[in-house]
Structure formats: C-alpha cells, structure tokens
Amino acid sequence: MISEKMKEIMRSGSAIRAMFEEGKRLAQIYGKENVYDFSLGNPSVPAPESVKKAIKEIVDKTDSLTLHGYMTNNGYQSTREVVANNLNKRFNGGFSAENIVMTVGAAGGLNVALKAIVNAGEEVVVIAPYFGEYNNYIANVDGKVTVVPPNPPTFQPNMTAFEKAINKNTKAVIINTPNNPTGVIYGEETLREMSAILKRKSEEYSSVIYLISDEPYRELAYDGEKAPFIPDFYPNTIIGYSYSKSLSLPGERIGYLAIPSKADGFEELVSACNVATRILGFVNAPSLQQLVVEKCIDEKTDVSAYDRNRQLLYAALTEYGFECVRPQGAFYMFVKCPIEESEFVAKAKSYNLLLVGGKSFGCEGYVRIAYCVSYDMIEASLPSFKKLADEIFKK
Ligand code: PLP
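Residues numbered from 1 in each chain as written. Predicted model: local features only at pLDDT ≥ 70, side-chain atom pairs only at ≥ 80, totals over all residues. Heavy atoms only, no water.

**Student:** Would you explain the packing of aromatic side chains in this entry?
**Tutor:** Two descriptors summarise a pair of aromatic rings, namely the distance from one centre to the other and the angle between the planes of the rings. Scanning all chains against the criterion turns up 18 aromatic pairs. Measuring from centroid to centroid gives 5.1 Å for Tyr241 and Tyr256, while their planes differ by 25°, and the two rings are stacked. Placement of the pair is Tyr241 in strand E7 (residues 237-242) and Tyr256 in strand E8 (residues 255-258), with a sequence separation of 15 residues. Across this residue pair, the class does not change: Tyr241 and Tyr256 are buried. Ring plane angle 55° and centroid distance 6.2 Å describe the contact between Tyr243 and Tyr256, whose orientation is recorded as tilted. With Tyr243 in the loop between E7 and E8 and Tyr256 in strand E8, this pair connects stretches of sequence that are 13 residues apart. The exposure classification of Tyr243 matches that of Tyr256, with both residues buried. Put simply, the rings of Phe155, Phe334, Phe361 and Tyr366 pair up and form one aromatic cluster. Stacked on the ring of Tyr375, the Lys or Arg Arg308 has its end atom at 3.9 Å from the ring centre. (Phe/Tyr/Trp six-rings, centres within 6.5 Å; stacked < 30°, edge-to-face > 60°. Helix = DSSP H or I, 4+ residues; strand = E, 2+ residues; numbered from the N terminus. Buried < 20%, exposed > 50% of the residue type's maximum accessible area, 1.4 Å probe, protein only. Lys NZ or Arg CZ within 6 Å of the ring centre and 35° of its normal.)

Structure, rendered in structure tokens:
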C-alpha cells in the first residue's frame with residue numbers, strides 16, 4: 001500500500017497534466033488540428049541547432065568512461081566555471097565554480113535547495129499566483145506552505161500581505177519572475193521592499209530567511225524588459241535556473257543553483273546542496289547536458305516567436321472583451337474569467353480550447369493560457385475564442 005502522504009498528493013493531482021491528457025483524448029475525436037491545447041509550458045521553439053551539434057561533438061570526442069561515469073555531486077568543474085563566468089558577465093555577481101551546483105532542471109534545483117534548508121514544520125512563503133508544484137516540493141521536506149494572496153490587476157506582490165506572511169517560523173520565500181502563470185516581472189521597487197522586509201524580519205527573529213528565486217523564464221522577456229538580478233537586492237538568495245525554457249530542453253533535465261558567497265552560511269549551504277543532490281537520488285545532473293550547457297552557454301532561444309504569439313493573442317482576446325494581464329515575460333497569459341472559473345474552463349473546452357484554471361496556481365477566477373505553441377495554432381484558435389466571448393458576453 002502506498003503512503004498516506006502520496007495518497008494526499010495524488011488526490012490533489014495536477015490540473016495542468018489532466019488538461020494535457022484531455023487534449024490528447026479530444027485530438028483523437030476531433031483531429032489534432034481542431035483542438036487548441038494551451039495547457040502545458042512545453043516550448044514550441046526548437047532547441048538551437050548548436051545544441052544538436054554540441055551533443056554530436058561531445059559524444060564523438062569525450063572519453064566514454066568520463067562522459068558516462070559518476071562525477072562530483074555538484075557537476076563538472078569546467079561547466080560550473082563557464083556558468084559562473086556567464087553570470088559575472090551579465091550581472092557582476094562575483095561567482096566562481098564554487099557558487100554553482102548543477103541540477104536536474106529547476107524542479108531538481110528547488111527540491112535540493114529546500115532539502116538543504118527546511119526543517120519539518122518550518123514555513124515556506126509563496127506568492128499567489130504561483131507554480132502549483134511548489135506545494136509538492138515543500139511537502140517533500142515536510143515544510144508548511146504559507147500563501148501570500150494575489151494582488152490583481154498588476155500581480156506585483158502586495159507588500160503589506162507579504163510582511164504579514166513572515167513570522168519566526170519562516171525559513172524561505174520562493175519567488176518566480178518572470179512569473180508563471182501571469183507573465184509579470186517583479187519590478188525593482190517590489191524587490192527593494194521585499195528585501196527590506198526580509199532583512200527587518202530576519203533581524204527581529206534572529207533568523208536566516210532565504211529567498212529562493214525560481215528563474216526558468218529569466219531569458220524570456222519582451223519589450224526590452226529585464227528581470228532584475230535578485231542577489232543585488234538580497235544577499236541570502238538562492239537562484240534556481242533551468243535550461244528547460246531558455247534552450248527548449250525540458251526533457252533533458254538540466255539547470256543550476258547559484259548561491260552568492262555573501263549568503264549566510266555559504267559554505268555549509270553549498271555543501272548541503274551537494275549532499276541533497278546525492279541523497280534525493282539525482283546523484284548529479286545529467287553529464288551530457290552539463291557539457292552541452294558548457295558549449296552553448298551564449299545560445300539563446302528565439303524569443304521573438306513567443307513575442308509574436310503574445311501580441312496576436314493579447315490583441316485578439318482584449319478585442320473580444322476578455323480582461324488579460326499583459327505579459328512582460330515567460331510565455332503565459334493570465335485571463336480573468338467572466339463567469340465562475342470551472343464553468344468558464346468547461347465552456348472553453350466545449351470550443352476545444354484547453355485552458356488551465358487559476359485555482360491550480362492559488363488564484364481562483366482566472367485561466368492560464370500557455371502560448372508557447374505555434375503561431376498557426378493561435379491564429380486557428382481565434383474564431384473559437386471569439387465564439388466563446390460572444391456566448392459569454394451575449395453579443
Ligand atoms: N518553476 C516554474 C515556475 C515552472 O514554470 C517550471 C516548469 O514549467 C519549473 C519550475 C520546472 O522547470 P524544470 O523543467 O526546469 O524542472
């Protein structure tokens with residue numbers, strides 16, 4: 001028999017995955033081209049050609065025992081050096097290989113970071129709307145989730161609510177900017193205030209509160225926007241990065257944690273992350289993909305493709321009467337439900353539009369549209385969105 005904890009996790013399920021499965025079912029009935037599946041954040045831009053080239057070169061030229069062998073838990077020294085230098089070039093972080101732990105994507109990195117710092121019963125603050133998997137990651141370490149309520153229509157976190165969520169039991173805060181599901185980038189003012197609150201509270205409780213910055217969408221920003229670099233604001237930051245979206249490699253499971261030397265307990269923290277990588281069963285991040293990162297560090301995905309999708313969808317949906325958060329980054333649009341959420345999701349599905357309810361992100365009354373799909377699919381879906389709007393707004 002399975003554990004009670006797993007039973008609970010399985011009961012809560014994943015609405016995103018469920019909708020994705022539903023998409024496959026509907027595609028069999030109506031034909032793939034007539035189903036508009038906006039459920040999953042699976043990149044539609046292929047990985048850069050240089051990734052394919054790098055994989056071939058690495059496989060051909062690296063000694064097989066080295067390439068396929070065990071290694072240090074934090075990953076190749078050479079890869080970590082390249083990652084650190086790249087961060088220094090862009091952000092002046094003062095990083096070296098010692099500050100980097102290669103991880104199994106952002107999910108692996110977040111689990112490692114939480115394992116390293118959270119005692120059972122300690123609180124981890126998340127800011128709604130947030131990636132629902134955080135609940136499971138926090139449950140994995142028997143932590144307690146504390147949710148800061150959403151702050152529409154800007155979805156910049158409300159600082160009064162944020163301050164209220166912090167107490168003597170708070171061990172960490174997870175932020176995600178550019179944000180899934182809103183596409184919002186937290187501004188400098190928000191981060192300055194957040195940092196001031198965390199410093200004040202750490203002092204008041206004589207505790208260390210880590211800020212875990214989950215950054216898989218850092219490189220996906222539009223209109224010249226840039227996601228601020230969190231260690232510039234708060235020293236006790238743990239950055240969790242991923243190449244799932246920025247190089248379109250979600251199935252390859254590669255990312256890193258970057259921990260600034262000025263973080264409290266730096267050396268012990270890094271060692272704990274290395275050990276957590278081992279004992280969570282990852283042992284180390286995939287060897288081949290680390291070497292791909294090393295070779296392709298300056299590569300970028302074609303953000304302009306997502307931007308085209310964003311502009312087309314935003315213009316159309318707002319014209320049809322929907323209230324949408326204008327995304328500054330990532331590849332999601334958060335749309336206010338004109339009727340009750342589950343009813344709206346069901347009605348959208350009746351037009352073969354597969355959207356994920358905001359409830360999955362701790363923010364009821366919205367839906368998330370993952371527009372990391374082909375431009376053609378968005379174009380083809382617009383008449384269905386129009387019919388949906390006409391029905392709901394009774395035009
Ligand atoms: N964090 C956020 C906010 C995400 O949206 C995702 C994936 O969609 C992840 C983490 C997990 O990313 P990875 O594939 O790198 O594990």
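**Student:** Looking at this structure, I do not really get the sheet that holds strand E6 (residues 210-214). What am I missing?
**Tutor:** Note on sheets: strands pair through backbone hydrogen bonds, and any given pair is parallel or antiparallel. The mixed open sheet is built from seven strands, whose spatial order is E2-E8-E7-E6-E5-E3-E4. The open sheet has two edge strands with one neighbour each: strand E2 (100-103) and strand E4 (144-148). Ignoring strand direction, the axes of neighbouring strands in this sheet form an average angle of 20°. Bridge count for E7 against E8 is four bridges, and the pairing is antiparallel. (Pairing = 2+ DSSP bridges. Axes fitted to C-alpha atoms, helices over the stretch in contact; angles between N-to-C directions.)

**Student:** Before we go on, may I ask you to explain the packing of helix H13 (residues 341-350) against helix H14 (residues 375-392) in this structure?
**Tutor:** Between two packed helices, both the angle of their axes relative to each other and the distance between the axes serve to describe the pair. Between H13 and H14, the shortest axis-to-axis distance is 9 Å and the interhelical angle comes to 130°. One finds that H13 runs oblique with respect to H14. In terms of crossing hand, the pair formed by H13 and H14 is right-handed. On the side of H13, the interface is formed by Phe344, Lys347 and Ala348, while H14 contributes Leu388, Glu391 and Ile392. Split by residue class, the contact of H13 with H14 holds four nonpolar, no polar and two charged. (Parallel < 35°, antiparallel > 145°, perpendicular 65-115°, else oblique. Left-handed = near helix turned anticlockwise from the far one by under 90°. Contact = heavy atoms within 4.5 Å. Nonpolar A, V, L, I, M, F, W, Y, C, P; charged D, E, K, R; others polar.)

**Student:** Looking at this model, I keep getting lost on the domain arrangement of the protein chain. Mind explaining?
**Tutor:** One widely used convention gives an interface's size as the accessible area the parts lose upon coming together. Each domain of the protein chain was delimited in the assignment, giving domain 1 (4-48 + 301-393) and domain 2 (70-296). Of note, the centres of domain 1 and domain 2, computed from C-alpha atoms alone, are 26 Å apart. For the pairing of domain 1 and domain 2, the buried interface totals around 2,600 Å² over both sides, and the portion due to carbon and sulfur atoms is 58%. If you sort the residues of domain 1 by the area they bury against domain 2, Gln328, Ala330 and Phe361 come out on top, with a joint share of 24%. The interface formed by domain 1 and domain 2 holds three salt bridges in total. Residue assignment for the side of domain 1 that touches domain 2 shows that the elements contributing at least two residues are helix H1 (4-12), helix H12 (303-319), strand E9 (332-336) and strand E12 (366-370). Here the side of domain 1 that touches domain 2 gets four residues from one element, more than from any other, and that element is H12. (Domains from an automatic or database assignment. Buried area = accessible area lost by both parts, 1.4 Å probe. Salt bridge = Lys/Arg side-chain N within 4 Å of Asp/Glu carboxyl O.)

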